[in-house]
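Below, each chain spelled out in residue letters.
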Amino acid sequence: MKKHITWIQHKLGIQHKLGLQHKLQIQPKAWILILFVMAALFGGCGRDSDHTEAQAENPPEPSVVVGFSQLGAESDWRSANTDSMLQTFTRENGYTLIYENGQQQQSKQITAIRKFIQQDVDYIVLAPEKETGWESVLEEARNAEIPVIIVDRRVAAADKNLYTCWVGSDFELEGKKMCAWLGSFAEAHGIAPEELHIVNIQGTIGSTAQIGRTRGLANAARENGWDLMEEISGDFTETRGREVMSMLLDKYDNLNVVYCENDNMALGVLDAIEEAGRTAGSDIANGEIMVVSFDGVNEEARELARAGKISCIAECNPLHGPRVEALIRQLEAGEEPEKHNYVDEKIFSAEEAVREIEIDGVTYKVEKP
Ligand code: GYE
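Residues numbered from 1 in each chain as written. Predicted model: local features only at pLDDT ≥ 70, side-chain atom pairs only at ≥ 80, totals over all residues. Heavy atoms only, no water.

### A few points about the site of the ligand
Then step 1. Inspection of the region around the ligand gives 13 residues, with Glu-74, Ser-75, Arg-153, Asn-262 and Asp-295 positioned closest.
Then step 2. Ser-75 is positioned with one of its side-chain polar atoms (N or O) 2.8 Å from an oxygen atom of the ligand.
Then step 3. If the ligand stood free it would expose 300 Å²; the protein chains cover 100% of that surface.
Then step 4. Where the shell around the ligand is concerned, the elements lending two or more residues are α3 (76-88) and α7 (208-224). (Near = heavy atom within 4 Å. Polar contact = N/O pair within 3.5 Å; in protein donor to acceptor, adjacent residues only side chain to side chain. Areas by Shrake-Rupley, 256 points an atom, 1.4 Å probe, with all protein chains shown as cover. Helix = DSSP H or I, 4+ residues; strand = E, 2+ residues; numbered from the N terminus.)

Right, dumping it as structure tokens:
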């Protein structure tokens with residue numbers, strides 16, 4: 001909005017200068033000058049009043065300028081998240097969105113934020129690649145008095161006033177839900193805890209989604225006596241998921257559970273299982289390899305869950321656009337939003353044996369995928 005006004009002023013300034021030069025050229029002929037001035041005056045008046053009327057009928061839309069730094073495009077979850085933002089912060093809704101894709105590089109995200117500060121945007125929305133390394137640039141935004149809304153993953157900052165608020169998922173709870181499901185499934189099928197030979201294919205190391213989901217499994221494995229054989233990153237991508245799983249299948253012939261920290265990696269894992277001549281499914285007593293994963297956004301993954309190839313999916317909801325907008329509206333109205341805003345999420349499985357799970361006294365229904 002501020003930039004828009006500056007631009008109009010700039011244009012008016014140029015028009016003013018042109019008009020002056022024109023008048024100077026005809027100055028020697030007084031009568032022509034008089035005619036010119038009158039014509040200019042009347043004509044000008046006419047144009048001005050037309051302009052004012054047009055403005056009254058069609059006042060310029062107020063526009064809130066939002067700079068959005070997305071971390072990249074590694075998964076279907078990420079694409080859905082980006083789309084949600086692009087569809088929310090439209091001109092029709094009263095916004096000017098400046099969108100920057102960080103291509104999986106924190107340095108690019110930092111550059112984008114600096115650019116937003118230079119452009120003097122009204123709000124900065126940041127979907128950070130990982131938790132650490134944001135202090136300096138957030139400080140710069142705070143000095144420029146631009147509110148920063150963090151979305152999805154979190155930033156690790158000792159000074160919580162470096163950002164205005166955050167909206168996203170409870171990733172450790174997602175991990176706990178998955179482990180509660182796995183524990184109940186094993187119990188219902190008479191599988192002893194030490195017979196669960198698990199590998200964890202992790203997301204991008206240092207991202208909140210990875211940290212929370214990894215912690216959920218590591219704690220449950222320790223508490224239940226499961227055999228957690230290896231934790232290795234597949235970087236949230238299908239390609240890495242496939243590569244890492246091929247390597248793990250060569251390394252461990254007793255592997256029977258793959259805890260995959262997102263659906264895209266699970267798609268790669270399923271390919272690797274098939275290529276190795278093995279079968280994905282929950283009948284681990286008869287040699288199947290159980291795959292469980294997170295997100296539930298990708299329709300292909302949901303279909304595979306219906307077919308029992310992915311045994312369980314803990315939902316992670318990416319539709320943050322309207323949630324961020326609600327926070328901006330609160331700020332525009334001078335209200336102070338909640339600092340941390342969590343999204344409610346479900347858990348899906350086609351398995352009949354476990355229809356509900358309980359975590360810290362809360363019961364979650366296990367839904368059909
Ligand atoms: O689960 C994964 C994505 O941070 C919640 O990042 C997000 C994760 C999501 O690429 O698919």
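### Considering the pattern of salt bridges
Then step 1. Under the counting rule described, the total for this entry stands at 21 salt bridges.
Then step 2. With its nearest N and O atoms 3.6 Å apart, the salt bridge here joins Arg-142 to Glu-139. Residue Arg-142 and its partner Glu-139 are both found in helix α5 (residues 135-143); the two are separated by three residues, about one turn of the helix.
Then step 3. Look at Arg-142 and you get partly exposed, because its relative accessible area is 32%.
Then step 4. Two residues, Arg-240 and Glu-243, come together in a salt bridge whose shortest N-O distance is 2.6 Å. Taken as a pair, Arg-240 and Glu-243 lie in helix α8 (residues 238-251) at a separation of three residues, close to a single helical turn.
Then step 5. Taking the relative accessible area as the measure of exposure, Arg-240 reaches 36% and is therefore partly exposed.
Then step 6. Glu-243 gets classed as partly exposed once you look at its relative accessible area, which sits at 41%. (Salt bridge = Lys/Arg side-chain N within 4 Å of Asp/Glu carboxyl O. Buried < 20%, exposed > 50% of the residue type's maximum accessible area, 1.4 Å probe, protein only.)

### Some remarks on the packing of aromatic side chains
One pair of aromatic rings is described through two measures. These are the centre distance and the angle between the planes.
Then step 1. Overall, the coordinates contain five aromatic pairs when judged by the stated rule.
Then step 2. Between Trp-181 and Phe-185, the aromatic rings sit 5.2 Å apart at their centres with planes inclined by 25°, giving stacked as the arrangement. With a gap of four residues between them, Trp-181 and Phe-185 both fall in helix α6 (residues 171-188), about one helical turn apart. Residues Trp-181 and Phe-185 agree in their burial class; the two are buried.
Then step 3. Residues Tyr-259 and Phe-294 carry aromatic rings whose centres are separated by 5.3 Å and whose planes lie at 70° to one another, so their mutual orientation is edge-to-face. Placement of Tyr-259 in strand β8 (residues 257-260) and of Phe-294 in strand β9 (residues 290-295) is noted, with a sequence separation of 35 residues between them.
Then step 4. For Phe-294, a relative accessible area of 0% puts it in the buried group.
Then step 5. Just above the ring of Trp-166 sits the side chain of Arg-154; from NZ or CZ to the centre is 4.3 Å.
Then step 6. If you follow Lys-339 out to its NZ or CZ, it ends over the ring of Tyr-163, 4.7 Å from the centre. (Phe/Tyr/Trp six-rings, centres within 6.5 Å; stacked < 30°, edge-to-face > 60°. Lys NZ or Arg CZ within 6 Å of the ring centre and 35° of its normal.)

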